[in-house]
Amino acid sequence: GAGVSQSPSNKVTEKGKDVELRCDPISGHTALYWYRQSLGQGLEFLIYFQGNSAPDKSGLPSDRFSAERTGGSVSTLTIQRTQQEDSAVYLCASAPSGINYGYTFGSGTRLTVV
Amino acid sequence: TQLLEQSPQFLSIQEGENLTVYCNSSSVFSSLQWYRQEPGEGPVLLVTVVTGGEVKKLKRLTFQFGDARKDSSLHITAAQTGDTGLYLCAGLGNTPLVFGKGTRLSVIA
C-alpha cells in the first residue's frame, strides 16, 4: 500500500487478556519500528527490525511484550496478560535502509486496558 | 541514555505571530528530525538536518541544527491555524530515533 497500515485502530481489552497489534509497512522498506505513546509522554521506543538481522528488543518494557516480523514484511506486537499501564497508542513506522531516512508512521492502535 | 528536551511544552498564539520551539540535549546526534503530529494520526516527517550549523527552510518554517549537533530549533513565521499540532524533535545516534516529548502548538484565529 501507499502508507503504513495498522490494525485495529482501537482496541479495548480486559486486564489479564492477551492482545495482538498488526503493522503492514511500506513495501520495500527494510526497517520496521514499534513505539508507544502515552498521554503527556514522548514516543517510547519498543523494538526495531532491520532486514534479516536479529531484532533490537532493548526497548521492550517487560517479558510480557514480544514482536515478530514475518517474511521481512508484516509485523505483530503481542502483549500478554495486559495491565492498565499498558494503555497507550502503539505506533509502527517503517523506513528504507540506511541512516538519515525519516520514518513513515502508521496512524497507530489505541489500546485501552480496563 | 540519550534524552531530548523540548521547550516550551505548550504554546498558544494568535494567527500571524512568530514563534520558536527548542530541542536540546547533552548528547551529540548524527542527525536530527522534526515531525508534526495531528490528533489520531502518526507523526509526519517535516525535515532532517545532518550538518552542524545547517539551516533548512520549508515555506514559513525554518529549522536550524546547532554547531555541536546537540540542539535544534524550529521557527515559524506568521503562524496560521493550519500549523496547529504537536511538534516532535527526534535524534538519530547509535540507536533508533530518540524523541522529545513534543511542543503542543495552538494557533488561534
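Just so we're clear, the structure is a prediction, and the values are computed from it rather than from any experiment.

Conventions adopted
- Residues numbered from 1 in each chain as written.
- Chains lettered and ligands numbered in written order.
- Predicted model: local features only at pLDDT ≥ 70, side-chain atom pairs only at ≥ 80, totals over all residues.
- Heavy atoms only, no water.
- Helix = DSSP H or I, 4+ residues; strand = E, 2+ residues; numbered from the N terminus.
- Buried < 20%, exposed > 50% of the residue type's maximum accessible area, 1.4 Å probe, protein only.
- Contact = heavy atoms within 4.5 Å.
- Areas by Shrake-Rupley, 256 points an atom, 1.4 Å probe, with all protein chains shown as cover.
- Disulfide = S-S within 2.5 Å.
- Phe/Tyr/Trp six-rings, centres within 6.5 Å; stacked < 30°, edge-to-face > 60°.
- Buried area = accessible area lost by both parts, 1.4 Å probe.
- Salt bridge = Lys/Arg side-chain N within 4 Å of Asp/Glu carboxyl O.
- Polar contact = N/O pair within 3.5 Å; in protein donor to acceptor, adjacent residues only side chain to side chain.
- Nonpolar A, V, L, I, M, F, W, Y, C, P; charged D, E, K, R; others polar.

### As for the overall build of chain A
Here comes step 1: Counting secondary structure elements, chain A contains zero helices and 10 strands.
Here comes step 2: The helix and strand sequence of chain A, counted from the amino end, reads β-β-β-β-β-β-β-β-β-β.
Here comes step 3: Dimensions of chain A, computed from C-alpha atoms along their principal axes, come out at roughly 40 × 25 × 25 Å.
Here comes step 4: Relative to its 114 residues, chain A shows a buried fraction of 46%.
Here comes step 5: For chain A, contacts bridging at least 24 residues in sequence account for 54% of all contacts bridging at least 6.
Here comes step 6: Accessible surface, chain A as shown: approximately 5600 Å² in total, 45% of it carbon and sulfur.

### Here we look at the state of the cysteines
All names here are of chain A.
Here comes step 1: If you walk through the whole model with that rule in mind, you get two disulfides over all chains.
Here comes step 2: Each sulfur in the disulfide pair Cys23 and Cys92 lies 1.9 Å from the other. Residues Cys23 and Cys92 are joined through a disulfide that is left-handed, its torsion about the S-S bond being -65 degrees. Taken together, the positions of Cys23 in strand S3 (residues 19-24) and Cys92 in strand S8 (residues 88-95) put the pair 69 residues apart, joining distant regions of the chain. Each member of the pair, Cys23 as well as Cys92, carries the same accessibility label: buried.

### A few points about the packing of aromatic side chains
Here comes step 1: Tallying each qualifying case throughout the model produces 11 aromatic pairs over all chains.
Here comes step 2: Between the aromatic rings of Tyr35 of chain A and Phe99 of chain B, the centroid separation amounts to 5.4 Å while the plane-to-plane angle is 85 degrees, which identifies the pairing as edge-to-face. Taken together, the residues span two chains, with Tyr35 of chain A in strand S4 (residues 31-37) and Phe99 of chain B in strand S10 (residues 98-99).
Here comes step 3: Of the residues examined, Tyr35 of chain A reaches a relative accessible area of 0% and is grouped as buried.

### A word on the interface of chain B and chain A
Here comes step 1: The partner chain A presents 19 residues to the 19 residues of chain B that form the contact.
Here comes step 2: The contact between chain B and chain A buries some 1400 Å² in all, and 55% of this surface belongs to carbon and sulfur atoms.
Here comes step 3: In terms of surface lost to chain A, no three residues of chain B exceed Pro96, Phe99 and Lys101 of chain B, which account for 35% of the buried area on that side.
Here comes step 4: Remark: the boundary between chain B and chain A carries zero salt bridges.
Here comes step 5: On the surface where chain B and chain A come into contact, there are seven residue pairs in polar contact (both at pLDDT 80 or more).
Here comes step 6: The set of elements that each furnish at least two residues to the side of chain B that touches chain A consists of strand S4 (31-37), strand S5 (44-49) and strand S9 (85-92) of chain B.
Here comes step 7: Looking at the side of chain B that touches chain A, the element that brings in the most residues is S4 of chain B, giving four residues.
Here comes step 8: Residue classes in the side of chain B that touches chain A are distributed as 10 nonpolar, seven polar and two charged.

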